[in-house]
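Descriptive structure summary
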Amino acid sequence: MSGYEDLFAFCQSELKSLDPVSHFAALTAPQDKRQALMALYAFHVTIRRIATQVSSPEMGEIRLQWWRDVILDTQSSFESGCGLANIGPLAGALKQIQKQYQLPCDQLEAIVDAHAFDLASSPMPDEESYDIYSKSTVGMRLALASRILNDGQSTDHLADLFVTAGKAISLTEHLRVWPQTTKAKQLFLPLDAFEEHGLSAHDLYAFWHCDQSAEAIIALCHKAASLHEEAMASLKKLKAKNNAHLAPAFLALAPVPMILKMRQKRPHDPLEISNWRSYWHIWRMAAKF
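What comes next concerns the included structure. As the structure is a computational prediction, the values presented were derived from the model and not from experiment.

Basis of the calculations
- Residues numbered from 1 in each chain as written.
- Predicted model: local features only at pLDDT ≥ 70, side-chain atom pairs only at ≥ 80, totals over all residues.
- Heavy atoms only, no water.
- Helix = DSSP H or I, 4+ residues; strand = E, 2+ residues; numbered from the N terminus.
- Rg over C-alpha atoms; globule rule 2.2 N^0.38 Å.
- Buried < 20%, exposed > 50% of the residue type's maximum accessible area, 1.4 Å probe, protein only.
- Areas by Shrake-Rupley, 256 points an atom, 1.4 Å probe, with all protein chains shown as cover.
- Lys, Arg positive; Asp, Glu negative; His and termini not counted.
- Charge placed at Lys NZ, Arg CZ, Asp CG, Glu CD.
- Phe/Tyr/Trp six-rings, centres within 6.5 Å; stacked < 30°, edge-to-face > 60°.
- Salt bridge = Lys/Arg side-chain N within 4 Å of Asp/Glu carboxyl O.

Helix and strand counts for the chain stand at 13 helices and zero strands. For a compact globule of 289 residues, the expected C-alpha radius of gyration is about 19 Å, and the chain comes in at 19 Å, within 12% of that figure. Considering only C-alpha atoms, the chain reaches an extent of 60 × 50 × 35 Å along its principal axes. Considering the chain as a whole, with its 289 residues, one finds that 51% of them fall into the buried category. Accessible area of the chain: about 13800 Å², with a carbon and sulfur share of 51%. Across the chain, the mean location of the 28 positive side-chain charges is 9 Å away from that of the 32 negative side-chain charges.

Attention now goes to the packing of aromatic side chains. With the rule as written, the count across this model stands at eleven aromatic pairs. With a centroid separation of 5.7 Å and 70° between ring planes, the pair formed by Phe117 and Tyr133 is classed as edge-to-face. Here Phe117 is found in the loop between α6 (105–114) and α7 (127–149), whereas its partner Tyr133 is found in helix α7, with 16 residues between them in sequence. Here the two residues Phe117 and Tyr133 agree in accessibility, since each one is buried. An aromatic cluster of at least three residues, connected via ring pairs, comprises Phe117, Tyr130, Tyr133 and Phe188.

For residues that are not glycine, phi is negative in most cases, and the peptide bond is trans in most cases. Of note in this structure, Asp151 is not a glycine but carries a positive phi near 60°. With respect to the secondary-structure elements, Asp151 resides in the loop between α7 and α8 (159–183). In this model, Lys185 sits at a positive phi of 60°, which is unusual for a non-glycine residue. Among the secondary structure elements, Lys185 is positioned in the loop between α8 and α9 (191–195).

Further remarks concern the pattern of salt bridges. All chains considered together, the criterion is met by ten salt bridges. Asp151 is the partner of Lys33 in a salt bridge, and the nearest nitrogen-oxygen pair spans 2.9 Å. Here Lys33, found in helix α3 (residues 31–53), pairs with Asp151, found in the loop between α7 and α8; they are 118 residues apart in sequence, far enough to count as distant. Counted as one network, the salt bridges with shared partners bring together Glu127, Asp131, Lys167 and Lys223.

Shown next, in the form of structure tokens:
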């Protein structure tokens, strides 16, 4: 394989190992876009995992700053022996797609900046803060994936869809894992959703399996379901306007109803969801476009 092929082969292997559902979703895209999507998704999952891999917030911030430096470097040629040539296969692939598809530095950097929250011990304070977080993480990933599928052309006209779909996906994922993260005294879901049911952060960490928390979780599931419905309605309009080629960017929406249904039935239990179930929903959604 050539040097470039090696970079993207690494990204595919890394994504398949760390996030097989996103890997499967990328496989539904046109063949000439799959490598770029896999590199983007591998970058995102790598940033998300930093908080679980470091011994202190300071060490995590050092890693995040390294990625900021890579993203913002527009001078190095990244050829052998030049500048940041030895930045590693994932960063190398990211720089290639950043150049090829004109991925805005500020959008890539927004993902890094937002995940700095993951290093903190304080809970997500309110829904307004969560909106900013989901927009800058999953929402930004959707925007960048859409730009790749659009051959590097701007898709800013879909900004509202990125926000809505991004929040639906992000909220569902955090609802899926909330028992594990809350037991670890980390809250990604908005705290004010629990305060409405009489629970402070201290109460939630101590009594996360109480009736009030179940009520809050079910309410959040309803909110995520409403956002999913709104996003799917907007996607149907994409197809009608001959923008169906952008649909693969949004396939993370496909398993959302299944996950929310399971979480509503079992507000406090860890959810074990086989990958094949998500694959099935993704395949069915992809087939519609």
